[in-house]
Each structure stands twice: as structure tokens, then as C-alpha cells.
4 protein chains.
Amino acid sequence: MKRADLQKPLQHHQFASDNYAGICPEAMQAMAEANRGYASSYGDDYWTGKACERLRELFETDCEVFFVFNGTAANSLALASLCQSYHSIICHEMAHIETDECGASEFFSNGTKVLLVHGENGKVDLGEIEHTVQRRTDIHYPKPRALSITQATELGTVYTVDEMQAIGEVARRFSLRIHMDGARFANAIASLNVAPKEITWKAGVDVLCFGGTKNGFAMGEAVIFFNRELAFEFDYRCKQAGQLASKMRYLAAPWIGTLESGAWLRHAAHANACARKLEKELQSIAGIRVMFPCQANSVFLEMPPTLMEALRNRGWHFYTFIGSGGARFMCSWETSDADIAALVKDIRELVQQNT
Amino acid sequence: MKRADLQKPLQHHQFASDNYAGICPEAMQAMAEANRGYASSYGDDYWTGKACERLRELFETDCEVFFVFNGTAANSLALASLCQSYHSIICHEMAHIETDECGASEFFSNGTKVLLVHGENGKVDLGEIEHTVQRRTDIHYPKPRALSITQATELGTVYTVDEMQAIGEVARRFSLRIHMDGARFANAIASLNVAPKEITWKAGVDVLCFGGTKNGFAMGEAVIFFNRELAFEFDYRCKQAGQLASKMRYLAAPWIGTLESGAWLRHAAHANACARKLEKELQSIAGIRVMFPCQANSVFLEMPPTLMEALRNRGWHFYTFIGSGGARFMCSWETSDADIAALVKDIRELVQQNT
Amino acid sequence: MKRADLQKPLQHHQFASDNYAGICPEAMQAMAEANRGYASSYGDDYWTGKACERLRELFETDCEVFFVFNGTAANSLALASLCQSYHSIICHEMAHIETDECGASEFFSNGTKVLLVHGENGKVDLGEIEHTVQRRTDIHYPKPRALSITQATELGTVYTVDEMQAIGEVARRFSLRIHMDGARFANAIASLNVAPKEITWKAGVDVLCFGGTKNGFAMGEAVIFFNRELAFEFDYRCKQAGQLASKMRYLAAPWIGTLESGAWLRHAAHANACARKLEKELQSIAGIRVMFPCQANSVFLEMPPTLMEALRNRGWHFYTFIGSGGARFMCSWETSDADIAALVKDIRELVQQNT
Amino acid sequence: MKRADLQKPLQHHQFASDNYAGICPEAMQAMAEANRGYASSYGDDYWTGKACERLRELFETDCEVFFVFNGTAANSLALASLCQSYHSIICHEMAHIETDECGASEFFSNGTKVLLVHGENGKVDLGEIEHTVQRRTDIHYPKPRALSITQATELGTVYTVDEMQAIGEVARRFSLRIHMDGARFANAIASLNVAPKEITWKAGVDVLCFGGTKNGFAMGEAVIFFNRELAFEFDYRCKQAGQLASKMRYLAAPWIGTLESGAWLRHAAHANACARKLEKELQSIAGIRVMFPCQANSVFLEMPPTLMEALRNRGWHFYTFIGSGGARFMCSWETSDADIAALVKDIRELVQQNT
């Protein structure tokens, strides 16, 4: 771990990630409310039960719900419950499970291989999925068993209801189980303005990892099994993998707080709106190009390396989009108009200086 | 996960576990203070750096520090960094890694075997360790590589400085690395009244899992490597295993809050004192026997099964001590005099009714 | 690996193990016959198909058959197909999977815990199985899922048909799947003189690891699933675990050679008879005690350490029976009357010298 | 496993694989010679020691040698000794560990990721290796730790001494350990006509998996550590992974038989010569194109799908080269002039019929 240094505690200039944001008031308030005296541990408590019910209501089905600490664990454990070690998982080449979880899927499943497909705008190409399934059907190659879909995608786009249904059909045809990485599921719902069931179990999704962290929690994700059979003994799996919180009320409470208040959707809609605003302000600036449709809470910009460097020199935090000379600007529940204005102002100035 | 039911949110009658307790004020306050605006993620932030420094100061050495979500993960990841899959870990038969982590050590290390030794009062017998190491030295049996010590033990006792030094010597003699499960390390320090270094690195401990959860955090443990070489790439290990918090400031802040205020030791001392008070009140009651020296925050009582049942009927929560006809009463930072008085009163009444 | 030294190639004085014996003529002949020109690889060949048929005939049922390289792999892969990582396997404390496979079961199953029961003469105690299943039923401890039975046992005893049926009943009652480690299955059949089905699928055995190596093969075991559902994708499991032989005909052919000729049973009966003969010769010698009923191909003798040492000084190889001051003398298909006579003569002489 | 069917035992018309070939006389003879009486098990025998010495002489260095059952296990165990679960292995996209071992590397290493690079003629592109190492250096992506080189390659080409030295340099620069998959190492040596040390330890190779199976053994590969430190406890690793043969003399003896007689190189040279002969005969036929330089024992031909089908209808076995409309014809120690003549004749006839 890093040494404490002279860096200031707070990053005022950042569009780096929605995980730079803090805890939203509704989540914090719910944790405080849950913090009144003793409660049974390991999920056998009032708040955990209540949070599960709220999620069942949200999805309008009797799903099985588990709370784990973070997204890598949620995805990996969910996938481990779908796959054996000699199976494979098909996902987009930009999927978080491939690019940013340090081999966690392979680790938790004891060797399951991740097979990559391409696809425009961060969405899987159905033809490539079919090709990947059919390319090898012998025992010398891991057998495709799960399809992992990221919603919203890593490129800030969102699968439509129709697209999800088409994915469900392909999965059914090839007996693939569907995992949805929903680290930004709220942003997808806010973007599509549909009932959550429309892009999950009605489209054939077996298990959803519904993210809390990036939408304003201190930490915590919900693993939601629409296919209840696959949830069999998932509690043991979580326990063994170090993902059963003893004081689970603090993982559960933020769900109650944000679901009952509607904040989960309001915050996501806010972050989405910030991204669209940023996109709009920037698209008129010469030399900058928006790379993907802005459908969730991020904007990807193609810009000259010199501009990126100059922005960083002014203290801005953002991610370089690997291999593309692009930059990712991510909004969150906490992004303010002032943040957007300051960034736009700096970009404008730097572009003008250079021309 | 359980259905929400009619159970009351709070358990007013409990000595079940220190993880039934809530978040202590100092931890809560620190989380709130860390919740001011954006901060870099994955530990690259002010609070994480500061918490590491506070821990280095506490241990008076330049140790490597990592923050993970819970104790099972802390223990398992630490042990995985000491062992290969074909190694074995020696621990007391009552150790948490054996009895209550659902095979997590075996899982994270991909098969490492846990070998059990006996020992009075929950402390490992040095002769048995020696026997276990020497009993098999062929490649057909996992090779002992780590010794795991629980401090305070699962039976509420505490290894003295001398005992820890003797353990260190045995470990050195047989090239065993030492892991300390310190889920209740604060209680041990409060009990012994020594500098933390005395029972850790000065006694040869390679890695300590220092518990926050049971001492008043919402969640979180620190994995502290005194042997820095063993920490090599531990950050990768945490990431892959789903134990790298993105908003790490919320795992780090409670350490700052409780270390800077001294609350970490005050709370532990309080819990210990509660246990001693409870022990004192109960030892005069006929038909009840204190099973182990009360050196930390729990009291184990041998009592008739009918009495246990009657207590449960009055709403009391406590653990049955497996296989011994005993009951465990655990105190925490939140245990009050009223809690103790109520329990003692109920036990007295029930014993009198029965005689 | 060891350096080549001056040791003589052959061990003329040995009762160390049945794996010191060579390849029996029927197995060697079958390998030579299979060695005529090209054959399809990975089991898609005539000999593999034929060996499977011979085994189905032997067991009088349509079982699924796989050939793997050795017993550790056979047991571990079979168990991995019965268990998840958070499950546990119950077996006798002297079972080979516990004492002599270096944590292979834990490795192949990614952490499955092995739980030990006692029992006289190397046979599991049914009461202890029941106790072990019922002792813990919470998610903090691995869930018992498989029962592993060694037939013949590691102590040279054999479960009767009635005993196997009783085991089957216990397993059914607790939803435990039954794995049979049959490294010396042939010896058990030769001892009991029953149809193989009587102590396998008719008693509820789900999967049998039928040993070839110790009964005269160069190497190779058959994993036989009577419960065909559990064999689903077992071919993938073998492949991924490095247990799919490319030139599988050479693992399969010895089965054909020994099954069609009856040598599999004849050799086992011979080894059993040798053990009984040895037992008979030795039981009259003062100061030596036969430790367990001699029902298969080994004799365990309690004898003074000085005698053991003296025997070793005369060049005899045999195993020390760990923790008991005993010695194991193991016979094989290759054991000769001369071997027995020489050992008995040496023991007699050494005992007489000492008295 | 397949049912025995009406297929003929032998495939007279095959260029499918060198693992369709049988046991060569020298290997068979050596197994028979080792089959005289008892020998110590688990490698503590004369033949194992002697085979190790022969290999040390061949490589002119004091390497550590282990014998395992097959190539998948050899590669996976060797790689597991180079990597942790959060590391990655870089290899060519056509490498056997990627395409034909069903995720074994990931399984044995508990999740290690395999990263692919392109490169002409089946050889890794050094620039891509550099790019792959440098592309990601954060803890969110597995850290490159090993470079796996296949010699001869899967496309029948061979790295020259210079190429191996260049690879060694790149590996050194990025602290990558080098694993060589030498399933057809003998073919590479026969092709290059150099001392084995020139393309192994002198070029920086840490561990070589030297194949016996494809060069005329019934089964068996040697794992040879030139970097002896990496071999530490490899015996335990083999044991736990089900790769320690009890009657190891039968895995070791064929090495003695083929090394002492020179057959290992003679057979490889023969297979190489057969491939060159086949190439020569076919390159004059219109409509057929040799796809890669023929440097080892295989010929890859681009040919019309109708021709492939027609060949198969005449009973020929060969592999389709996935994704390229090509066909692989593999020669072995057993390939005869008659085999070549028959194949060439059939191809000629079929091509003429079609034109």
C-alpha cells in the first residue's frame, strides 16, 4: 500500500471514475439507521431480509438475492456458479471481467477460460458468439457455458430491450447461461426507462450482479439469481470465498435506503444527464471526437495526446482508453455542473492555445 | 438469503458475538469525515496512506499493510502468500480457519491442507506441533509450511509474550512461517498490556490479520506483513480474489479514527472488562462452571442443557460450544452493564427455579 | 529426481508394496498386441472401446468408463465430480486420499475438505459418519457431500457385502454420494468371492476407481461411474487435468488382457493367498503379533523396533505402519513362495538370536 | 468413453497425428528390460536414476529432471512452477497450451491467464511480446511472468538458434521466465542439427517439457529444469497433481532405450524426412499449396474442401487446420514410404478427376 504523501485528500478535478465519488446521502443515512444496537450476523437480520424484499419487488419476481463486497467478487462468484473449471465464458473483449479483474473469473472458477468476441460500441456481436460456440466442440478446448453481458457497457452504451432479447435467444439456442455484469445497471435502466425485468429475467438473464458501489454506496453489490436453481448453495460459495459479511446489515441497508427513496434511479439518471451535458458541450470543439454513443454516464473522447497531457497538468484525473488514443470521462451521482463547466472551460482553453 | 420476517430489527438480549455489535462512534465519525468529495480509488488515496502510517507507528516497524473486507479473506489470503497448494498449515483444532471459514484456506491456496493440533485452553501444544512436522516428511503428504496462531484464541484466552516467543522458536526451528489470526488482536493487547510489537514481529510473526470488524468497524481487516518479502505482489493477490475495495477510503478511515483516538484499545479493554465482570457474577452460581481462563472478551460456561434452553426461551442469543455442552457469552465494545445485569438476573432466576 | 547410484536395479528382498512388482505377462502381452500400427488417439480406438465393454460385462451394468494414469488422479477426479469446493468428503482416517495423496483431493476440487472418521480394522464407523454429517449444518463449515470407501482397505481388510449395503444406506439417508477407492478392488473381490456388482452399484456406489497398477499393470486405473449422470463432462475434466492419454490404447489394452484371461482375479487371489500364507507362518513366532484380520494381500505385524531394523539390515524392504510400531508386508501377483520362505526364515533367525 | 464398434482396430490410412503411431522398438525393448522383478517405486529406482543421467548428459548440464505421464500435465505443471494465479503466460495464438489443453494451464495454476501473440509461421513476434508486457502494468490485469515457446511449433516450423537467443533476450529484459513446450523437441533438434543446449539453457530456457509420446513412447514426458531453483518442491507438485507414477521405471526406461541407442534423434529425423518428402511430392500438384516452411514432421496444405472430403471418403485421416481451409499431414517414426506413396497417389488421382 502506498505511503501517505503530500497529496491533498480530495480530487477536485476528476472524471476518472464513478468510484472516486463518495457515499450518497441516502446510503449513508440508511447505514446510520441500521446502526442502532445489536443485530444478528451473517445476513440473519432485519435489514438484509428487507433489502432482499425490496429487490424482489423491483424485479417483480421471486429471485434469490445475496450481498457481497465488490463487483469483482460478485461477477466471479456468479460465474463460478454457472461454470465448471473446464468450461468457458464468452464476453466482449472490453468486458470488465476480462480487462479489469486480474483473472478473478479464472481464479474463482479454478481455471475457466474467458473467450472474447468483438462488437461495435462495446456490445457483443451475435454472429461472433455463434462462431465462438461452434468453432470448437471437442474436449481439447473449454466448452462455452456462460455468456457474460455488461449493462451498461464499458463504453458507456446500453443494450436495448430488443438487443437483450436477441442475446437471450442466442444463449438459449446454444445452452449458454447468461450473466449480467450490472456494475452500472442503474445507469442502464435510467437510460432505457424500462422496468428492470425487461432487460433481465424476461430476456433470459440467469444472474445479475447489480452494482451499488458506483451508484453511491461505500461498497457492496447484489448478486441476484433469477434462475433459482443456480443459486443452490451459493451461500456456501460466498462464505468460502471470503464474501459473507458478518455485519451484513451494513451491506444491506444502503439498498433499502436507495430503493425506498428512489435514489438508486435518480442518482443514475443524474450521472447519465451529466455525461450527455458534457458530450453536448464538447462536441462543438474542433479536434475532439466523441467515440461512442453516449447512453449512460461516460463520454469517450478522441483527442490529441498533447491535449490529454495538458489536461493532466492542470490536475484533471481521467482514464486513458487503452489502445485507442482516447480518454474516458466518467460522471457519477456526485458530479456537479461546476465540475462539467470547469472541465469544458479547461479543454476549450487548451484547444484554443494550440490552434 | 432469508425472507424478511416479523423478527424485530434489534436483538436486545444477546451475548452471541461481537459481530452482533454495531459501528462504534469513532469508526462512524471517521467514515463520515472521509466522505467529503472525490478521492482516488483502489487505495491510492489520502486516508489509505494515513491509515497505513498509523499502523506502522503502532507496530513500530516499517510493515506492509493491506486492507481487506473480512476476516476469512484476510486469513486465507495471508496464508496463501505463505503456502503452496502442496503445503500444509498447522493450527489449533479450535482455530477459526479450521472451524468457521468453510474451507476458505484450502480454497484460496488451491488445496493447502490444514493440520490440527490440540492444546489446553485453545492454545497450541508445542510438542504436538513438533510431532506434526516430523511425523511425515515424504512427498506423499503435504509439507508443513505455516503455523497459524489465534490471538486472542477462540476460547477467550491469550498467549503471553513468553508463549509467543516459544512459538516463534519452534517455528524457526522447523522453517514454519507464522500467521496470526488477530480477529481479536486488540483484546489480546488490552489483556496483556504490552506493545503490539512484543507479540508480533519480535516473536517472529510474519503476517498478522488485525481485525477491525469485531472491534467496532462496519467491516474490514488489516493484513500486516512484518516480513515484507512475503508481501510481494500481495496487491495482485487481493485484486484477483475480490478483496481490493474500489472506495478503499471507507475501509481505511475507521483505522484512522480508532487508532488516533485510542478507541481501538479502549473498546477492547471495555469488552474484556465486561467479560471479567460477567465471569465474576456467574462463578458463584451453583451448577455453572467457567470453562477457560477469562483473558479476553468471552466467557465459556458449562451449564445444563435445560438451562441453555430456558435462556433461549427468554430471548437470549449465545453460541453453543460445539461438542462440550458449553455456552459462549461474548462481549463487545457495545456491551453495557445493563446487558450483563439482565443476563445474570435471568440465569440466577432460572437456576433457582430449577433447584 | 534421484541421482543414479550404485544401487542394484532390482530389489530381491521386498514386501514393501504391490507397486514394486512389475508388469504381469497378460498385461504386457496385451500392450504388445495393441502395438501393431496406427490407432486413433484419445480413446477413439478399438482397444479402448473393447476394454470399456469388458468392464461393463464384468459389472453387469451399462456403466461409464474412463481410463486415467494413476490412482491419485482417479480418486481426485472422481471426487471432484461429486463435490464442489465448499463440500467435504468423509473417509476413514487411514484412507489413501487422506494419508498418501499429498492433498490431491483438495487440489483437484479446489479446496474440498477431507473429514476423518475412525473405525476398527480400517473400516469406517457408521456412527461416526452420522455424527460427522450432523455435527455441523451451518454455512461456516464445509457440507458433507461424498463418502469415500477404500475396498480393500489400507489395513488389508475387506468390507463384506452386508457392510457395503449398510454403508449405502447411511449414504442414502444423508444424501452422500459414494466413491470407492478400489486400488485393490480385485483383491477384495478375490477375498469375498462375489460378483463385483454386489459391492458396488447394488450397494449404492456411485463411482469406483478400479486399480490396475497394483494388480500387474505398468500403470493405469479405470474410473467407473455407475451413476451415469455424475459422469457428465468427465472427459473434459480428465483432459483439463492432464489425465487424457493420447495413445490411450496402451492404458486400455491391459484391461482387455487381464479381463479376458481372468488374470485380474487370478493375480489378486494369488496375492491374497501369499498374504495368508505369510500370516500363517508368522503367527506362531513369539513376540510378533498380527494386527488386523488378513483378508486381502497384506499382513500387518507388530514387532519390536530392533527386529524391524535387523530385517532392514538384511536388505528387506517393507513399510513402517505410521504411529503404531507396526510393519506392513504387502504381497503382489509376483510374490513367490521363495520370497515368503526367505522372509520367514530371516524373521525366525532374528527372533531366535534375540531370545 | 466410446462404445466398441465395428471400426477396424488399425488406421492404415493416416497422417492425422504422431500420436496415432505405436511404441517404437527401442522404447518397447527398454520397458521389457525394466520388467524383471521388483523395483522401488515413485522414482527411487535404478532406471529413473539412469534416465535422469542420460538426459543430463544430453543437455550437458546438471539439470533437474522429472517424468510425468503426458504433455498437458508436463506443460501445466512446469508453468505452475513459474507463475502465481495472478500472473499471465504469453504464448503464440497457435500454442498447444492455448488451443489443445482445455484450460489446463489455467487449472493447474489456479487461474493464471494465457495471453496470445501473433507471429508468422507459428513463431512468436517479439514486438508483440514487448507490447503485451507493456500494455498493462497495473494490478487490475494479470502480470506477465512466463513466456511459453513451442519448439518445434504447432505449424511444423522450428526456431533457429538465433531466434531462440533473441527470445531469451526479450525474456530477460522483461523478467519473463521461459517455458519450452517440446512435445516435438526431438524434431527440432533433428531439423537444426545442433546440440540441445544451444536452443535451451544457453538461450535462457528455464524449463523444457521434452516429449516422449510423439516420438515413439507409449506415454511419458520429461520436465527438465535448467533453472534448478524453480524445481524446488516440484516433486510435491507432481504428486499432488496425480503425476507421480508409482511404477516410474516404465516412464523412465523408454528414455534410456531411445537415448542410449540414438533412436530419439533417428526417429525424429525420419519423421522430418518423411514430411519433406511428402512436401516435395505434393508441391508440384496444381491447386494445392504448402502453407508453411516444412521444417519438422508436418506438412500443412491449402486445398479445396471438396478434395479434403474426397480424401476422407477414401479413408484418410488428417486434421483440418482450424479456420484456414487447410489440412495438416503429420509424419511420425512409423510413417513409411508406402504411406506417403499411397497418400500422394490418392491426392493426384482426386485432383485429376476434378480437373
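No experiment lies behind these values; they were computed from the predicted model shown.

Here is what the cut-offs are and how they apply
Residues numbered from 1 in each chain as written. Chains lettered and ligands numbered in written order. Predicted model: local features only at pLDDT ≥ 70, side-chain atom pairs only at ≥ 80, totals over all residues. Heavy atoms only, no water. Helix = DSSP H or I, 4+ residues; strand = E, 2+ residues; numbered from the N terminus. Rg over C-alpha atoms; globule rule 2.2 N^0.38 Å. Buried < 20%, exposed > 50% of the residue type's maximum accessible area, 1.4 Å probe, protein only. Contact = heavy atoms within 4.5 Å. Areas by Shrake-Rupley, 256 points an atom, 1.4 Å probe, with all protein chains shown as cover. Lys, Arg positive; Asp, Glu negative; His and termini not counted. Charge placed at Lys NZ, Arg CZ, Asp CG, Glu CD. Domains from an automatic or database assignment. Buried area = accessible area lost by both parts, 1.4 Å probe. Salt bridge = Lys/Arg side-chain N within 4 Å of Asp/Glu carboxyl O. Polar contact = N/O pair within 3.5 Å; in protein donor to acceptor, adjacent residues only side chain to side chain. Nonpolar A, V, L, I, M, F, W, Y, C, P; charged D, E, K, R; others polar. Pairing = 2+ DSSP bridges.

Asker: Where do I start with the overall build of chain A in this structure?
Answerer: Within chain A one finds 13 helices and eleven strands. Computed over its C-alpha atoms, the radius of gyration of chain A comes to 21 Å, within 12% of the 20 Å expected for a compact globule of 355 residues. Each principal axis of the C-alpha atoms in chain A carries an extent, and together these give about 60 × 60 × 40 Å. Buried positions account for 66% of the 355 residues belonging to chain A. Excluding contacts between residues fewer than 6 apart, the proportion of contacts in chain A whose partners are at least 24 apart in sequence is 76%. Of the roughly 11600 Å² that chain A leaves accessible, carbon and sulfur atoms contribute 49%. Considering chain A, the positive charge centre built from 35 side chains and the negative charge centre built from 42 side chains are found 2 Å apart.

Asker: Looking at this model, I keep getting lost on the domain arrangement of chain A. Mind explaining?
Answerer: Size of an interface: often given as the accessible area lost when the parts come together. Residue and element names in this part refer to chain A. Taken domain by domain, chain A holds domain 1 (25-261) and domain 2 (264-353). On a C-alpha basis, the centres of domain 1 and domain 2 stand 28 Å from each other. Summed over the three residues of domain 1 that lose the most area to domain 2, namely Leu155, Asn187 and Asn215, the buried surface amounts to 24% of that side. Inspection of the region where domain 1 meets domain 2 yields one salt bridge. The partner of Glu26 in a salt bridge is Arg266, and the shortest N-O contact between them spans 3.2 Å. On the surface where domain 1 and domain 2 come into contact, there are eleven residue pairs in polar contact (both at pLDDT 80 or more). Of all the secondary-structure elements, those providing two or more residues to the side of domain 1 that touches domain 2 are helix 1 (25-34), helix 8 (185-192) and helix 10 (249-261). Looking at which element gives the most residues to the side of domain 1 that touches domain 2, the answer is helix 8, with five residues. Here the side of domain 1 that touches domain 2 is composed, by residue class, of twelve nonpolar, nine polar and four charged.

Asker: Would you take a moment to explain the pattern of salt bridges for this structure?
Answerer: Where charged atoms from two side chains of opposite charge approach closely, those side chains can pair. Per the stated rule, a full pass over the model turns up 96 salt bridges over all chains. The closest approach of N and O atoms between Arg56 of chain B and Asp62 of chain B, which form a salt bridge, is 3.6 Å. Using a relative accessible area of 6% as the deciding quantity, one classes Arg56 of chain B as buried. Classification of Asp62 of chain B as partly exposed rests on a relative accessible area of 39%. Look at the salt bridges and you will find they share partners, linking Glu53, Arg56, Asp62, Glu64 and Arg228 of chain A into a network.

Asker: Before we go on, may I ask you to explain the sheet that holds strand 8 (residues 289-290) of chain C in this structure?
Answerer: All names here are of chain C. Strand order in the open sheet made by the four strands is 8-9-11-10, with antiparallel pairing throughout. Both edges of this open sheet fall to strand 8 and strand 10 (319-321), since each of them pairs with a single strand only. Pairing analysis gives two bridges linking strand 8 to strand 9 (residues 298-302), with the strands arranged antiparallel. Bridge pairing in strand 9 places Arg289 opposite Glu302.

Asker: Please explain the interface of chain C and chain D as it appears in this structure.
Answerer: On the chain D side, the residues contacting the 80 residues of chain C number 80 residues. Contact between chain C and chain D buries roughly 6700 Å² in total, counting both sides, with carbon and sulfur atoms accounting for 55%. Here chain C and chain D share zero salt bridges between them. There are 38 residue pairs in polar contact (both at pLDDT 80 or more) connecting chain C and chain D.

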